[in-house]
Amino acid sequence: MTSVFIVSAPSGSGKSTLVERLLSSVPGLTFSISYTTRSPRGHERNDEDYCFIRAEEFRAMIERGEFLEWAVLFGKDYYGTARRFLEEARRQGHDLVLDIDVQGAAQIKQKLPDAASIFILPPSREALIARLRGRGEDAEEVIRRRLGRAAGEIEDYYKYDYVIINDRIEQAAEKLCAIVLATRVSRQAGAGADAAAAIDPQAKRWLELARACRTADVSEQVQPILETFFSARK
Ligand code: 5GP
């Protein structure tokens, strides 16, 4: 059985690095390369970071029902997850990782209610600004737009199953891997997951780390972070 993991975050939260760590640390994962109509940024490669296509091609793919979900972002660019990645993951007996936005996550959850959704939060608005400026890819105007959008996305964090606060990359990466591995333990052992953990210390650690990231269990840590975003909007 294939599990689907949705990872969302405001841009600049370190999500791409975390997903890269996940894919290089945990075997048996397929990453869904999204289709987009936006232009590639500096280091991005076609068919690796995204499949870059024109709007007409994207609309034709919608018509043909080739997307599992799609959304228009930043008021102009199409982004979508092709069904073929899920089919491929199923064929290979892999789990599937999706790096998609809040709208896409909601569509996937509707179609695949068992998908696990993970929201990555920056430790504060200031940290997010520093990262966006630090990567030197976007003009100030674009950064301002991304920040406005980040506040809107962060408001939806409670719709996700798990929240990871990315203050230290090593720990955040360990948590993301643990969520995937704990899901596999639970899938294989079902109600016996705790019994499996009792005999396997590694499984016990994954389950504990994953449980500590459950949205209901992190809301106290999330509130002060939300404040940094919402007080800036007032
Ligand atoms: P960027 O343009 O900075 O690479 O990505 C902007 C946003 O698009 C990110 O939040 C990213 O997660 C989201 N995104 C990337 N691919 C997809 C996709 O296939 N579907 C949806 N709904 N969002 C996507």
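Structural data are supplied above this passage.
Bear in mind that the values here come from a model prediction, so they are computed numbers and not experimental data.

Peer 1: What exactly am I supposed to notice about the site of the ligand here?
Peer 2: In the vicinity of the ligand lie 18 residues, with Ser 34, Arg 38, Tyr 50, Glu 69 and Tyr 79 positioned nearest. Arg 146 places a polar side-chain atom, nitrogen or oxygen, 3.5 Å from an oxygen atom of the ligand. Calculation on the ligand without its partners gives an accessible area of 510 Å², and the protein chains cover 94% of this total. Here the shell around the ligand is composed, by residue class, of seven nonpolar, four polar and seven charged.

Peer 1: Quick question: what am I supposed to make of the nonpolar core here?
Peer 2: The nonpolar side chains of soluble globular proteins are, as a tendency, buried together. One finds Val 4, Tyr 35, Ile 108, Phe 119, Leu 121 and Phe 229 to be the most contacted residues of the largest nonpolar core, which totals 43 residues. In terms of residues, this core owes the most to one element, helix H10 (residues 215-233), which gives six residues. Sequence-distant contacts of Phe 119, defined by excluding residues within four places in its chain, comprise Ser 8, Ala 9, Pro 10, Val 102, Glu 153, Ile 154, Tyr 157, Tyr 160, Tyr 162, Val 163 and Ile 164. By size, the runner-up hydrophobic cluster in this structure holds 29 residues, among which are Ala 9, Ile 164, Ala 193 and Ala 203.

Peer 1: In this structure, what is going on with the pairing of strand S5 (residues 67-73)? I would like to understand it.
Peer 2: Within a regular strand, the side chains alternate between the two sheet faces. The buried fraction of S5 is high, at five of seven residues. Of the pairings in the sheet, the one linking S5 to strand S6 (residues 77-82) comprises six bridges and is antiparallel in character. If you follow Val 72 over to S6, its bridge partner there is Tyr 78. Taking the residues that link successive antiparallel strands as the turn, the S5-S6 hairpin has three residues, and the phi of Phe 74 there is positive, at about 55°.

Peer 1: Even after reading the chapter, I still don't get the packing of aromatic side chains, so can you show me in this structure?
Peer 2: The geometry of an aromatic ring pair comes down to the distance between the two centres and the angle between the two planes. All told, the structure shown has nine aromatic pairs when counted by the stated rule. Aromatic side chains Tyr 50 and Tyr 79 sit 5.9 Å apart centroid to centroid with 70° between the ring planes, which places their arrangement in the edge-to-face category. Of this pair, Tyr 50 sits in the loop between strand S3 (35-36) and strand S4 (51-52) while Tyr 79 sits in strand S6, placing them 29 residues apart in sequence. Across the pair, exposure class does not vary: Tyr 50 and Tyr 79 are buried alike. Relative to Tyr 158, the ring of Tyr 157 has its centre 6.3 Å away and its plane inclined at 85°; by these criteria the two rings are edge-to-face. By way of ring pairs, the aromatic residues Tyr 35, Phe 58, Phe 67, Trp 70 and Tyr 78 are connected into one cluster.

Peer 1: I'm lost on helix H1 (residues 15-25) in this one. Help?
Peer 2: An α-helical segment advances 3.6 residues per turn. Residues three or four places apart therefore align on the same side. For H1, the set of buried residues is Lys 15, Leu 18, Val 19 and Leu 22. Around the axis of H1, the buried residues are gathered within 100° of arc, so they sit on the same side. In this structure, H1 carries Glu 20 and Ser 24 as exposed residues pointing more than 90 degrees from its buried face. Packed against the buried residues of H1 are strand S1 (4-8), strand S2 (29-31), strand S7 (95-99), strand S8 (116-121) and helix H7 (169-189).

Peer 1: Can you walk me through the sheet that holds S6 in this structure?
Peer 2: Strands in a sheet are paired, the pairing made by backbone hydrogen bonds, and the direction either parallel or antiparallel. Pairing within the open sheet is mixed, and its four strands lie in the order S4-S3-S6-S5. Because the sheet does not close on itself, it has two edges, and the strands there are S4 and S5. Packing of helix H2 (residues 55-63) onto the sheet brings it into contact with S3, S5 and S6, and relative to S6 it is tilted by some 40°.

Peer 1: What is the right way to read a negative patch on the surface from this model?
Peer 2: A grouping of Glu 20, Asp 47, Glu 48 and Asp 49 is seen on the molecular surface, where their side chains present a negatively charged patch. Among the structural elements, Asp 49 can be located in the loop between S3 and S4. For Asp 49, a relative accessible area of 31% puts it in the partly exposed group.

What counts and how
Residues numbered from 1 in each chain as written. Predicted model: local features only at pLDDT ≥ 70, side-chain atom pairs only at ≥ 80, totals over all residues. Heavy atoms only, no water. Near = heavy atom within 4 Å. Polar contact = N/O pair within 3.5 Å; in protein donor to acceptor, adjacent residues only side chain to side chain. Areas by Shrake-Rupley, 256 points an atom, 1.4 Å probe, with all protein chains shown as cover. Nonpolar A, V, L, I, M, F, W, Y, C, P; charged D, E, K, R; others polar. Core = buried A, V, L, I, M, F, W, Y, C linked by side-chain atoms within 4.5 Å. Buried < 20%, exposed > 50% of the residue type's maximum accessible area, 1.4 Å probe, protein only. Helix = DSSP H or I, 4+ residues; strand = E, 2+ residues; numbered from the N terminus. Contact = heavy atoms within 4.5 Å. Pairing = 2+ DSSP bridges. Phe/Tyr/Trp six-rings, centres within 6.5 Å; stacked < 30°, edge-to-face > 60°. Arc of directions from axis to C-beta. Axes fitted to C-alpha atoms, helices over the stretch in contact; angles between N-to-C directions. Patch = residues over 30% accessible without salt bridge, like charges linked within 9 Å, V, L, I, M, F, W, Y side chains within 5 Å. Salt bridge = Lys/Arg side-chain N within 4 Å of Asp/Glu carboxyl O. Lys, Arg positive; Asp, Glu negative; His and termini not counted. Charge placed at Lys NZ, Arg CZ, Asp CG, Glu CD.

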